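# Analysis of the macromolecular model
Next come the chains, spelled out residue by residue.
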Amino acid sequence: MALKDAKAGTRNEAGIAAVLGILKQSFGERFQTGQSFREQHAHTTTYIPPQLPDGVLFAESAEDVKAAVRACATHKVPVIGFGVGTSLEGQVNAANGGISIDFSRMNRVLEVNPEDLDCTVEPGVTREALNIHLRDTGLFFPIDPGANASIGGMASTRASGTNAVRYGTMKDNVLAVTAVTANGEEIRTARRARKSSAGYDLTRLFVGAEGTLGILTSVTLRLQAIPQKIAGGACAFPSIKAACDAVIMTIQMGIPVARIELLDTVQMRACNAYSKLSYAESPTLFLEFHGTDETVPLQSAAFAEIAAECGGGEFLWTANAEERTKLWKARHDAYWAARALAPGLAALSTDVCVPISRLADCVSETQADIEEHGLLGPIVGHAGDGNFHVLLLFDDRSAEDIARAESFVQRLNQRALDLDGTCTGEHGIGQGKMAFLEQELGGAVDLMRQVKQALDPDDIFNPGKIFHHG
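Our subject in this report is the structure included herewith. (Residues numbered from 1 in each chain as written. Predicted model: local features only at pLDDT ≥ 70, side-chain atom pairs only at ≥ 80, totals over all residues. Heavy atoms only, no water.)

### Digging into helix H16 (residues 434–441)
- Those residues of H16 lying buried are Met434, Phe436 and Leu437. What you see down the axis of H16 is that its buried residues fit within an arc of 155°, all on one side.
- Just beyond H16, the residue with positive phi is glycine 442, at close to 55°. (Buried < 20%, exposed > 50% of the residue type's maximum accessible area, 1.4 Å probe, protein only. Helix = DSSP H or I, 4+ residues; strand = E, 2+ residues; numbered from the N terminus. Arc of directions from axis to C-beta.)

### Side note on the packing of helix H9 (residues 240–252) against helix H11 (residues 295–309)
- It is the contact of H9 with H11, at a shortest axis distance of 9 Å, that shows an interaxial angle of 140°. One way to sum up the angle between H9 and H11 is to call them oblique. Handedness of the H9/H11 crossing: right-handed. Touching Ala246, Met249 and Thr250 of H9 are Phe303, Ile306 and Glu309, all from H11. (Axes fitted to C-alpha atoms, helices over the stretch in contact; angles between N-to-C directions. Parallel < 35°, antiparallel > 145°, perpendicular 65-115°, else oblique. Left-handed = near helix turned anticlockwise from the far one by under 90°. Contact = heavy atoms within 4.5 Å.)

### Quick word on the sheet that holds strand S8 (residues 174–180)
- Spatially, S5-S6-S10-S8-S9 is the arrangement adopted by the 5 strands of the open sheet, whose pairing is antiparallel. Whereas interior strands pair on both sides, the edge strands pair on one side only; in this sheet they are strand S5 (109–113) and strand S9 (186–188). Here the strands of the sheet are splayed against their neighbours by 15° on average, with no regard to which way each runs.
- With 6 bridges joining them, S8 and strand S10 (residues 215–222) adopt antiparallel strand pairing. What sits directly across from valine 177, in S10, is valine 219.
- Relative to the sheet, helix H4 (residues 127–134) contacts S5, strand S6 (118–121) and S10, its axis offset from that of S5 by approximately 50°. (Pairing = 2+ DSSP bridges.)

### Description of the pairing of S5
- In this sheet, S6 lies alongside S5 in antiparallel orientation, the contact comprising 4 bridges. By the bridge assignment, valine 109 is partnered in S6 with valine 121.
- Hairpin connection, S5 to S6: the antiparallel pair is bridged by 4 residues, and leucine 117 has positive phi, about 55°.

Any link to function would need more than the numbers given here.
Written out as structure tokens, the structure reads:
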């Protein structure tokens, strides 16, 4: 994290004034410029300071998006897509001012094709709303980043979450998108076919672009059948290394675990207090298995044997839906549980991802770093794919504390890169990790700039994110 990368850019005051007038005349009450609306559409989730847009359009259709983009393109005014605002690296900030397009009213499920296991939704549909809609079809959408994020936002940040070890990330589950480009026209990147060799893979270009290449207006998703049986449980270990060894063995043996989450001792203490649990306060794995009445008990028993071999405690698993829900609610509430450890402090949420074989080294070294520098930072991880998060708690009113926090993030990212990992497994680059992207990919970032220049020559789409334009 480096606050210098969250700096404000150059504002086009004349263009912004012109666009404010055009959109107010075109959309009336659906276009708002009040302070409270603008504050709600800037970064509010973690440490990065908010940078407010100049106006907020509550779009209701692709036609609304096209009209807004055309106005912004004509006057060279920034336009930023906004789902529900759960991004963690400043992706929704208006660094150069401009217009925020709120997709909360574009929340329709446009099409469900049960036979093909796919659906098409507008970008404002949230993952929870989609799964409620799909409930009667026997299908579900598996990507679960924890927050009830919008599908458009999840696609734009290439989100993943607790189910990624079995079902992959958004890049694996988006079949196609439609997007409004810099000329105000809507394009479709692919059809519904499960595979294609037709031209460049534009779908993957937009998935993870963080709104810097265009504005998504629909997303076509791969769906999964709801498993016949689901079971889950928790298992404590004497050390991070022992827990990670169990993860590696589980993956290498081909046990089809759906979720395998790592929580360190500090995080377990926080979860016990916040969610009123009574688990051992030591490194712990939360697991879930999806399958049939026959396979799930076998998978659970196989993991129990691995856990014992690695020095873990008893793996108590259950297929009871209420008990499983309590377990995973505690995992998804880990952020709030960690915040409750020090209610008066600010929070900086950051993530890295390394090859699974290096996960124990990276987490252990990070814990030692936290202890050595007197920091408070619970750790949770999607252990099955080598991704983990640190929620650093610090006093954002203290220049010394801010400097310590930023130095820690610098060391964490360098540690991940030294282990042939990445500076972000799922949060994205946004404003907070631009410097680390350059370290990670070097000259490839120049190629990204060329793509950006070709598709968005006036830099109207979410400027000041991923890398500095030009």
